[in-house]
Amino acid sequence: MKLYSMIVAALLLPALMYSQTTAQEWYDKGLKLKNEKKSSEALTAFKEAVKLESDYKEAIYEIGWCQNDTRDYVGAIASLTKARSLWPGIGKVHFELGYAFEKISSLDSAMNNYNLCLQINNTYSLAYKQLGTIYYNKDDYETALDNFMKYEAFTKNPITDYLYWYRKGFMNNALKKFEEAKISLKKSLEFKTDYTNTYLELGYSSKNLRQADEAIEWFNEAMKLDAKSHIPYNGIAEVYRDIKKDTDMAMTWYQKSLGVKTDERKACFGLGYCLNNKGRYSEALTYLQKAIQQEPTYTAAFVELGYSNYMLRNNSVALENFNKAITLNPKNENARYYSGLVYIIQNDKAMAQKMVDELKALNSKNADALQEKVNKL
């Protein structure tokens with residue numbers, strides 16, 4: 001009988017000790033596990049704390065944090081919503097709730113919570129980073145960069161996230177701030193050297209800064225990482241076409257691009273442009289038409305196709321292409337200038353003058369040159 005009692009006591013002791021652990025002790029245990037990056041175990045401990053004290057706001061917040069860390073975002077929203085009601089003046093609660101909403105793509109709710117976080121604490125750096133990322137994905141680069149700058153101003157830790165620096169560089173490129181873009185993109189390379197897009201963006205920055213050889217180097221680095229991507233081939237082709245003025249080399253690289261991706265639109269356009277430049281207008285037609293097949297709103301391709309037809313004296317077809325370009329881009333100058341040349345060939349002074357007037361309204365440098373030709377009709 002004594003032995004039986006001892007066995008029962010031994011079995012009951014862990015359960016007894018479990019039930020006697022206080023909410024505070026469970027909470028402290030959860031924090032320790034969380035700091036050890038054991039989020040699932042920490043979650044269990046925090047839940048035990050809440051079982052003993054249902055309005056334990058700190059523990060409820062930590063439950064939401066752990067649920068975010070374990071990707072249970074719906075669960076995190078439920079926990080953090082309760083934490084927010086109990087602890088409304090704490091910025092980190094709003095931040096974590098915003099993060100959970102962001103992860104399920106409820107972006108309005110995410111942004112609202114990030115902004116509430118910043119109303120409480122306007123130096124909460126991660127809220128600026130997340131808002132910046134949301135605006136980046138919305139293609140609102142000015143607002144995104146403003147938030148990123150605030151993130152950098154308030155963060156207390158070195159920023160080692162390669163993707164952050166890549167995105168900042170990408171946006172500066174999009175806003176034509178090429179020198180600033182290069183600074184961020186090179187920073188991205190410090191933390192990840194095998195992300196192809198970083199090299200592509202560096203090539204793009206350098207090309208637009210007319211740093212021809214450096215641009216080619218960056219595009220070659222991208223090619224080493226992804227030989228099946230047509231983008232670096234096109235990039236090198238554009239360097240030869242626009243900076244080095246070497247049409248033959250540009251065509252060679254555009255052909256390499258088409259070898260990777262048949263009928264790729266930019267390569268087809270580039271070849272058509274180069275063929276026009278070499279006076280091979282009939283050959284250019286085929287490539288430019290392919291470019292438009294791939295992208296029916298390709299304004300530059302319509303202009304170039306119109307130019308091919310203008311040079312081949314296919315005047316009606318040329319005007320059709322120029323008009324399409326103007327419809328797609330009402331501020332397009334080249335389409336108006338060459339339309340004016342076609343109207344001059346047709347002795348249509350009224351329409352030629354109309355093109356001049358529209359160019360003047362656009363403050364185009366081509367307006368005076370076309371006016372001189374119209375005056376001679």
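Residues numbered from 1 in each chain as written. Predicted model: local features only at pLDDT ≥ 70, side-chain atom pairs only at ≥ 80, totals over all residues. Heavy atoms only, no water.

**Student:** Can you help me understand the overall build of the protein chain in this one?
**Tutor:** When its secondary structure is counted, the protein chain shows 22 helices and 0 strands. Its C-alpha atoms give the protein chain a radius of gyration of 32 Å, more than 25% over the compact-globule value 21 Å for 377 residues. Dimensions of the protein chain along its principal axes, counting C-alpha atoms only, are 120 × 40 × 35 Å. For the protein chain, the residues scored as buried account for 47% of the 377 residues in total. Relative to all contacts within the protein chain whose residues are 6 or more apart in sequence, the contacts with residues 24 or more apart total 46%. Working note: accessible area of the protein chain is about 19800 Å², and carbon and sulfur atoms make up 50% of it. Side chains of the protein chain carry 50 positive and 46 negative charges; the gap between the two charge centres is 1 Å. (Helix = DSSP H or I, 4+ residues; strand = E, 2+ residues; numbered from the N terminus. Rg over C-alpha atoms; globule rule 2.2 N^0.38 Å. Buried < 20%, exposed > 50% of the residue type's maximum accessible area, 1.4 Å probe, protein only. Contact = heavy atoms within 4.5 Å. Areas by Shrake-Rupley, 256 points an atom, 1.4 Å probe, with all protein chains shown as cover. Lys, Arg positive; Asp, Glu negative; His and termini not counted. Charge placed at Lys NZ, Arg CZ, Asp CG, Glu CD.)

**Student:** Would you mind going over the packing of helix α18 (residues 299-311) against helix α19 (residues 315-328) with me for this structure?
**Tutor:** Two numbers describe a pair of packed helices, the interaxial angle and the distance between the axes. Between α18 and α19, the least distance of the axes is 8 Å, while the angle of their chain directions is 160°. With respect to their mutual orientation, α18 and α19 come out roughly antiparallel. For the pair α18 and α19, the crossing hand works out as left-handed. When α18 is examined against α19, the residues T299, F302, V303, L305, G306, Y307, N309 and Y310 are found in contact with a partner set consisting of N315, V317, A318, N321, F322, K324, A325 and L328. (Axes fitted to C-alpha atoms, helices over the stretch in contact; angles between N-to-C directions. Parallel < 35°, antiparallel > 145°, perpendicular 65-115°, else oblique. Left-handed = near helix turned anticlockwise from the far one by under 90°.)

**Student:** I tried to follow unusual backbone geometry on my own but got confused; where do I start?
**Tutor:** Note: most residues except glycine have negative phi, and most peptide bonds are trans. With a phi close to 65°, D139 is a non-glycine residue in the positive phi region. Structurally, D139 is set in the loop between α8 (125-137) and α9 (141-154). For D139, a relative accessible area of 53% corresponds to the exposed category. For N347, which is not a glycine, the phi torsion comes out positive at approximately 60°.

**Student:** Looking at this model, I keep getting lost on the pattern of salt bridges. Mind explaining?
**Tutor:** Should their charged atoms come close, side chains of opposite charge can pair. A full pass over the atoms with the stated rule returns 22 salt bridges. Between E36 and K32 there is a salt bridge, and its shortest N-O distance comes to 2.7 Å. Classification of E36 by relative accessible area gives partly exposed; the value is 36%. When its relative accessible area of 53% is taken as the criterion, K32 is described as exposed. Residue K182 pairs with E214 through a salt bridge whose shortest N-O separation is 2.8 Å. Within this pair, whereas K182 is found in helix α11 (residues 178-191), its partner E214 is found in helix α13 (residues 212-225), the two being separated by 32 residues in sequence. Relative accessible area serves as the criterion here: at 7%, K182 is assigned to the buried category. The exposure class of E214 is partly exposed, given its relative accessible area of 23%. In the salt-bridge network here, residues are joined through shared partners; they are K32, E36 and K38. (Salt bridge = Lys/Arg side-chain N within 4 Å of Asp/Glu carboxyl O.)

**Student:** Just to check I follow, could you spell out α9 for this structure?
**Tutor:** Since one α-helical turn is 3.6 residues long, residues separated by three or four positions face the same way. The end-to-end C-alpha distance of α9 is 20 Å, a good match for the 20 Å that 14 residues give at a rise of 1.5 Å each. For α9, the full list of buried residues reads Y141, A144, L145, N147, F148 and Y151. One side of α9 carries all its buried residues, which in axial view fall inside an arc of 160°. On its buried side, α9 packs onto α8 and α10 (162-174). (Expected span 1.5 Å × (residues − 1). Arc of directions from axis to C-beta.)

**Student:** Looking at this structure, I do not really get the packing of helix α5 (residues 73-86) against helix α6 (residues 91-103). What am I missing?
**Tutor:** Where α5 meets α6, the axes come as close as 9 Å, and the angle between the chain directions of the two elements is 155°. Accordingly, the angle class assigned to the pair α5 and α6 is roughly antiparallel. α5 and α6 meet at a crossing whose hand is left-handed. Contacts between α5 and α6 pair Y73, A76, I77, L80, T81, A83 and R84 from the former with V93, H94, E96, L97, Y99, A100, F101 and K103 from the latter.

**Student:** Teacher, can you tell me more about the packing of aromatic side chains here?
**Tutor:** The relative placement of two aromatic rings is captured by the distance of their centres and the angle of their planes. This model, assessed by the stated rule, comprises 26 aromatic pairs. Ring centres of Y136 and F170 lie 6.0 Å apart, and the angle between their planes is 80°; this geometry places the pair in the edge-to-face category. Taken as a pair, Y136 in helix α8 and F170 in helix α10 lie far apart in primary sequence, 34 residues in all. The class of Y136 is buried, set by a relative accessible area of 14%. With a relative accessible area of 24%, F170 lands in the partly exposed category. Directly above the aromatic system of W65 lies the positively charged group of K34, at a separation of 4.2 Å from the ring centroid. Residue placement shows K256 over the ring face of W253; its charged tip is 3.9 Å from the ring centre. (Phe/Tyr/Trp six-rings, centres within 6.5 Å; stacked < 30°, edge-to-face > 60°. Lys NZ or Arg CZ within 6 Å of the ring centre and 35° of its normal.)

**Student:** Help me understand the environment of C268 in this model?
**Tutor:** Relative to the helices and strands, C268 resides in helix α16 (residues 265-277). A C-alpha to C-alpha distance of 44 Å links C268 and A127, two positions 141 residues apart in sequence.

**Student:** Please explain the confidence of the model for the protein chain as it appears in this structure.
**Tutor:** Reading fine detail from the predicted coordinates is not recommended where pLDDT is low. The share of residues in the protein chain with pLDDT of 70 or more is 95%, and the mean pLDDT across the chain is 95. Throughout residues 1-6 the model reports pLDDT below 50, and contacts reaching past four residues in sequence, or to other chains, amount to 0 contacts. Across residues 8-13, where pLDDT falls below 50, the model places 0 contacts with residues more than four positions away in sequence or in other chains. (pLDDT = per-residue confidence, 0-100.)

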